[in-house]
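# Observations on chain architecture
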Amino acid sequence: MLEPSIHLLNKARQGHYAVPAFNFHNLEILQAIIETAEKQHSPVILQISPIYLEKIGDIAAAAMAQEAAKAAKVPVALHLDHSNSLQWIEWALAHGFTSVMIDASALPLDENIALARKTVELARAQGATSEAELGHIGGIEDAQETGNPDMGLADPVEALKLVTESGIDTFAPAVGTAHGLYKFPPNINFSLIEKICSLVKVPLVLHGGSGIPDDMIREAIKKGIAKVNVGTELKVAWAKSMAETLITEQEPWKAVLKVREAVGQVVEHKISLCGSNGKA
Ligand code: 13P
């Protein structure tokens, strides 16, 4: 069943667990996410960024995700990840997304707030959930390598200003994680998570969930993270399994069954770290 992500996240905060949010890049990754969430009785957020929508075909990607989410036996939110334009926000809301993220974190604070406010307005008109980001989350979304994740942590005073003045539903502060594969060991600032969690009253999002040691993910959730984003690890599992499988199996439907299983193992592990199993 398709739901706005705020429903899943508010429930998670009350229950002291987090909702895993997985980026999907093709049909078999999408199916692996949904079937594993069903097996684990876990709510889940399916997400995709404009850069991927452009590459794999926006209309088809939105339609397959929406239909898969509607048919799922667990609550599923469909989220637009890292949009730096209001055009993509409007597009996503018109194509069945129940949650949208504006990423204006590279802009001055006032411009970030103004875009977040507009995103809130557009999302609310459709009964959808909004997300904004503050600070510099290392790495480049969907790239293979990351920069130094210590740079540009979110400032708590600015965080409060952004959340209060924009009315954003969920908030992604830079706390030391990075997108993609870590070049340097992650250095997550847990006291910053705790501080921001005590100041802002909306669910917090951890970006760059691939490659973070398990105990650090658990600690981040304890300190107040309600949504954990994971993308790269699914792509790595897909690529490795696809390469191995195609050596002996060239029938596409048979090959993808094996690949779905490999991606599903990563999904299952992240669900258990979030503690969302059994919460659907
Ligand atoms: P990773 O690709 O590092 O898991 O990050 C995913 C993410 O944060 C998407 O917004």
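Since the model is a prediction, treat every value here as computed from it, not as a measurement.

Here we come to the site of the ligand. Neighbouring residues of the ligand: 16 residues in total, closest D81, G208, S210, G231 and T232. In the model, an oxygen atom of the ligand is placed 2.7 Å from a nitrogen or oxygen of the G208 main chain. The contact in question runs from an oxygen atom of the ligand to an N or O atom on the side chain of S210, over 2.6 Å. Compared with its free state, where it exposes 310 Å², the ligand has 98% of that area covered by protein. Elements supplying a minimum of two residues to the shell around the ligand: strand 3 (76–83) and strand 8 (225–230). Of the residues contributing to the shell around the ligand, the split by class is 2 nonpolar, 12 polar and 2 charged.

We now examine the pattern of salt bridges. For the structure on display, the rule yields 11 salt bridges. Across the pair E131 and K227 runs a salt bridge whose closest N-O atoms are separated by 2.7 Å. With E131 in strand 5 (residues 129–134) and K227 in strand 8, this residue pair connects regions lying 96 residues apart in the sequence. For K227, a relative accessible area of 1% translates into the label buried. Here E219 makes a salt bridge to K223, at a shortest N to O gap of 3.5 Å. With a gap of 4 residues between them, E219 and K223 both fall in helix 9 (residues 214–223), about one helical turn apart. For E219, a relative accessible area of 25% corresponds to the partly exposed category.

With 95% of its residues at a pLDDT of 70 or more, the protein chain has an overall mean of 94. Every residue in residues 140–150 scores below 50 in pLDDT, and together they form 33 contacts with partners more than four places removed in sequence or on other chains.

Let's shift gears to the side chain of T232. Along the polypeptide, T232 turns up in helix 10 (residues 232–248). Residues in contact with T232, not counting those within four places in the same chain, are G180, L181 and S210.

Attention now moves to the environment of H95. Among the structural elements, H95 can be located in the loop between helix 5 (86–94) and strand 4 (99–102). Sequence spacing of H95 and P173 is 78 residues, and the spatial spacing of their C-alpha atoms is 27 Å. Those residues in contact with H95 that lie beyond four places of it in its chain are I59, A62 and Q66.

What follows deals with the packing of helix 7 (residues 156–166) against helix 8 (residues 190–199). Where helix 7 contacts helix 8, the axes come no closer than 10 Å and their chain directions differ by 35 degrees. Helix 7 and helix 8 meet at a crossing whose hand is right-handed. Note on element contacts: helix 8 touches helix 7 through L192, K195, I196 and L199, opposite P156, A159 and L160.

Another aspect to go through is unusual backbone geometry. For H41, which is not glycine, the phi dihedral falls at a positive 50 degrees. Tracing the backbone shows H41 in the loop between helix 2 (27–39) and strand 2 (44–48). Taking the relative accessible area as the measure of exposure, H41 reaches 48% and is therefore partly exposed. Positive phi is not limited to glycine here, since H82 has a value of about 45 degrees. Among the secondary structure elements, H82 is positioned in strand 3. Judged by relative accessible area, which is 11%, H82 ranks as buried.

Turning to its location among the elements, S276 is positioned in the segment after helix 11 (252–274). Its relative accessible area of 0% is what places S276 among the buried residues. Within polar-contact distance, the side chain of S276 engages the side chain of S42 at 2.7 Å. The contacts of S276, once residues within four sequence positions are left out, are Y17, A18, P20, H41, S42, P43 and I271.

A word on the pairing of strand 2. Strand 2 sits mainly inside the fold: 5 of its 5 residues count as buried. Residues V44, L46 and I48 point to one face of strand 2 and I45 and Q47 to the other, with burial holding for every one of them. Of the pairings in the sheet, the one linking strand 1 (residues 19–23) to strand 2 comprises 3 bridges and is parallel in character. Following the sheet pairing, A21 is matched in strand 2 by I45. Bridge analysis of strand 2 against strand 3 gives 5 bridges, and the strand direction is parallel. Paired with L46 across the bridge in strand 3 is L78.

Rules and cut-offs
- Residues numbered from 1 in each chain as written.
- Predicted model: local features only at pLDDT ≥ 70, side-chain atom pairs only at ≥ 80, totals over all residues.
- Heavy atoms only, no water.
- Near = heavy atom within 4 Å.
- Polar contact = N/O pair within 3.5 Å; in protein donor to acceptor, adjacent residues only side chain to side chain.
- Areas by Shrake-Rupley, 256 points an atom, 1.4 Å probe, with all protein chains shown as cover.
- Helix = DSSP H or I, 4+ residues; strand = E, 2+ residues; numbered from the N terminus.
- Nonpolar A, V, L, I, M, F, W, Y, C, P; charged D, E, K, R; others polar.
- Salt bridge = Lys/Arg side-chain N within 4 Å of Asp/Glu carboxyl O.
- Buried < 20%, exposed > 50% of the residue type's maximum accessible area, 1.4 Å probe, protein only.
- pLDDT = per-residue confidence, 0-100.
- Contact = heavy atoms within 4.5 Å.
- Axes fitted to C-alpha atoms, helices over the stretch in contact; angles between N-to-C directions.
- Left-handed = near helix turned anticlockwise from the far one by under 90°.
- Pairing = 2+ DSSP bridges.

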